[in-house]
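Take a look at the letters that make up each chain.
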Amino acid sequence: QVQLEESGGGSVPAGGSLRLSCTASGYLTPGNCMGWFRQAPGKEREGVAIMYTGGGRPYYVDSVKGRFTISAGKEKNMVFLQMDRLQPEDTAIYYCVIRVAACGSLTTTTPTPGKFGYWGRGTQVTVSS
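Residues numbered from 1 in each chain as written. Predicted model: local features only at pLDDT ≥ 70, side-chain atom pairs only at ≥ 80, totals over all residues. Heavy atoms only, no water.

1. Focus on the sheet that holds strand β7 (residues 68-72)
Here is the rule: Whether two strands pair comes down to DSSP finding at least two bridges between them. Comment: elements are numbered from the N terminus, with helices defined as DSSP H or I runs of at least four residues and strands as E runs of at least two. The axes used here are C-alpha line fits, helices contributing only the stretch in contact, and every angle between their N-to-C directions lies in the interval 0 to 180 degrees.
The four strands lie next to each other as β1-β3-β8-β7, forming an open sheet whose pairing is antiparallel. With partners counted over all chains shown, the strands left at the sheet margins are β1 (2-7) and β7, one partner each. On average, each strand axis in the sheet is inclined to that of its neighbour by 15 degrees, with strand direction left out of account. The pairing of β7 with strand β8 (residues 78-83) spans five bridges and is antiparallel. Residue pairing in the sheet places S71 in a bridge with F80 of β8.

2. Re the environment of Y27
Applicable threshold: Relative accessibility thresholds used throughout: buried, under 20% of the residue-type maximum; exposed, over 50%; partly exposed, between the two (1.4 Å probe, protein chains only).
Its place among the elements puts Y27 in the loop between β3 (18-26) and β4 (33-39). Its relative accessible area of 59% is what places Y27 among the exposed residues.

3. With respect to the state of the cysteines
Stated formally: When two cysteine sulfur atoms are found within 2.5 Å, that pair is recorded as a disulfide.
Evaluation of the coordinates by the stated rule reveals two disulfides. In the chain, the bonded cysteines, taken in the order they occur along the sequence, pair up as 1-3, 2-4.

4. Some remarks on the environment of T123
Put simply, the rule reads: By the convention used here, residues are in contact when the closest approach between their heavy atoms is within 4.5 Å. Polar contact is the term for a pair of N or O atoms within 3.5 Å; when the atoms are in protein, one must be able to donate a hydrogen and the other to accept it, and sequence-neighboring residues count only if both atoms are side-chain atoms.
By the element assignment, T123 lies in strand β11 (residues 123-128). T123 sits in the buried class, given a relative accessible area of 12%. Sequence separation between T123 and T69 is 54 residues; the distance between their C-alpha atoms is 17 Å. Excluding residues within four positions of it along the chain, T123 makes contact with E6, G9, L20, A92, I93 and Y94. Of the polar contacts made by the side chain of T123, one reaches the backbone nitrogen of G9; its length is 3.3 Å.

5. As for the packing of aromatic side chains
Using the following cut-off: Aromatic contacts are taken between Phe, Tyr and Trp rings whose centres are within 6.5 Å, Trp giving its six-membered ring; a plane angle under 30 degrees counts as stacked, one over 60 as edge-to-face, and the others as tilted.
Tallying each qualifying case throughout the model produces three aromatic pairs. Here F37 and F116 contribute two aromatic rings whose centre-to-centre distance is 5.6 Å and whose plane-to-plane angle is 70 degrees, an arrangement assigned as edge-to-face. Residue F37 is found in strand β4, and its partner F116 is found in the loop between β9 (92-99) and β10 (118-119); the two are separated by 79 residues along the sequence. Note on Y95 and W119: the rings are 5.9 Å apart at their centroids and 70 degrees apart in plane angle, and the pair reads as edge-to-face.

6. Structural notes on the pairing of β11
By the alternation rule, side chains of β11 split into T123, V125 and V127, which are all buried, and Q124, T126 and S128, of which none is buried. With four bridges joining them, strand β2 (residues 10-13) and β11 adopt parallel strand pairing. Considered in β11, the bridge of P13 is made with S128.

Below you can see the structure in the form of structure tokens.
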């Protein structure tokens, strides 16, 4: 079993910044595929940023490229999402996800929710115009 603990959501005006953190505990491998999905009201979940904590190029959905940055902690069981120049369209519940394995194609193609076996409870991000 793996547990995920998220923190860092909140409310900001457009143009503001937030930093999300996620810590994984339980059965983990030295490197894991971790990242963030989000779900806005009335919309499907979408992969925002995914990375292999052992290194390599991360995946970003087009709408956040140049504004969001995903990074891993030294212990390889933590990921962070630095969100800058936030826009009202970024308002959603953000979920930390983990796949206890390498990412494979999950960082080169649109990631699907079913590929990640563990999800955090989610943290609300609200951006006002």
